[in-house]
Amino acid sequence: MLVFSARECGADPCGHSAYFSFCAGLVRSKEEKPDIIISFITLNGILVYLAQPFKKIPHIACERINPLGRKEKFPWNILTRLAYNRAELLTVQFEEFAKMYDGRYEEKCRVTPN
């Protein structure tokens, strides 16, 4: 099992250095060939989408905040939707969250409460 996080590289997961360390982890994932990638932060889900233009490794995106209360601005709104379209599965914390983006992802949503 390959486990990678920005913290492993000493990066702040919310800072710019997280982007570079996460990309390094994705390069490492191509070398190690994991069976699946699970992203627990929206930004990481977007980075998985950008790093794998031809969808070679299956991806599960986890939405850990209230997506119904979030108002994303360009370009994040488009990138988030592209990442969720590419993901095989999207996990949310509450049943109501499965209706995000007008129910577009309801088919691939699974509820995983805390």
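Residues numbered from 1 in each chain as written. Predicted model: local features only at pLDDT ≥ 70, side-chain atom pairs only at ≥ 80, totals over all residues. Heavy atoms only, no water.

1. A word on the sheet that holds strand β4 (residues 109-111)
Inference 1: Read from one edge of the open sheet, four strands run β1-β2-β3-β4, paired in parallel fashion. Bordering the open sheet on either side are β1 (37-39) and β4, each of which pairs with just one other strand. Sheet twist, expressed as the mean angle between neighbouring strand axes with direction ignored, is 20°.
Inference 2: In this structure, strand β2 (residues 59-62) lies alongside strand β3 (residues 89-92), joined through three bridges in parallel fashion. In the sheet register, Cys 62 faces β3, and the bridge partner there is Thr 91. (Pairing = 2+ DSSP bridges. Helix = DSSP H or I, 4+ residues; strand = E, 2+ residues; numbered from the N terminus. Axes fitted to C-alpha atoms, helices over the stretch in contact; angles between N-to-C directions.)

2. As for the nonpolar core
Inference 1: Of all hydrophobic cores here, the largest spans 11 residues; its members are Ala 61, Tyr 84, Ala 87, Leu 90, Val 92, Phe 97, Ala 98, Met 100, Tyr 101, Tyr 105 and Cys 109.
Inference 2: When residues of this core are traced back to their parent elements, those giving at least two are β3 and α4 (100-103).
Inference 3: Discounting residues that sit within four places of it in the chain, Leu 90 has contacts with Ala 61, Glu 63, Tyr 84, Met 100, Tyr 105, Lys 108, Cys 109 and Arg 110. (Core = buried A, V, L, I, M, F, W, Y, C linked by side-chain atoms within 4.5 Å. Buried < 20%, exposed > 50% of the residue type's maximum accessible area, 1.4 Å probe, protein only. Contact = heavy atoms within 4.5 Å.)

3. Some remarks on a nonpolar patch on the surface
Inference 1: Taken together, Ile 36, Ile 38, Phe 40 and Ile 41 make up a surface patch of nonpolar side chains, about 370 Å² in accessible area.
Inference 2: The exposure class assigned to Ile 41 is partly exposed, which follows from its relative accessible area of 43%. (Patch = residues over 30% accessible without salt bridge, like charges linked within 9 Å, V, L, I, M, F, W, Y side chains within 5 Å. Areas by Shrake-Rupley, 256 points an atom, 1.4 Å probe, with all protein chains shown as cover. Salt bridge = Lys/Arg side-chain N within 4 Å of Asp/Glu carboxyl O.)

4. Points about unusual backbone geometry
Inference 1: Here the amide bond leading from Phe 74 into Pro 75 is cis, since omega sits at 5°, within 30 degrees of zero.
Inference 2: Of note, Tyr 101 is a non-glycine position whose phi angle comes to about 50°, a positive value.
Inference 3: A positive phi is found at Asp 102, a non-glycine position, where the angle reads about 60°.

5. Points about the environment of Ile 38
Inference 1: By the element assignment, Ile 38 lies in strand β1.
Inference 2: Given the relative accessible area of 43%, Ile 38 is considered partly exposed.
Inference 3: As a C-alpha pair, Ile 38 and Leu 89 span 51 residues in sequence and 9.5 Å in three-dimensional space.
Inference 4: The contact partners of Ile 38, leaving out residues within four places of it in the chain, are Ile 60 and Cys 62.

6. Regarding empty space enclosed by the protein
Inference 1: Applying the stated criterion across every chain, the model contains two cavities of 30 Å³ or more.
Inference 2: Taken as a whole, the second largest cavity encloses approximately 30 Å³ of empty space.
Inference 3: Forming the walls of the second largest cavity are Ser 39, Ile 41, Thr 42, Gly 45, Ala 61, Cys 62 and Tyr 84.
Inference 4: Residue assignment for the lining of the second largest cavity shows that the elements contributing at least two residues are α2 (42-51) and β2.
Inference 5: Class assignment of the residues belonging to the lining of the second largest cavity gives a composition of four nonpolar, three polar and no charged. (1 Å grid on protein atoms, 1.4 Å probe; cavity = no way out; pocket = protein on both sides within 12 Å on 5 of 7 lines; lining within 4 Å. Points joined across faces, edges and corners; volume = space filled by probe spheres on them. Nonpolar A, V, L, I, M, F, W, Y, C, P; charged D, E, K, R; others polar.)

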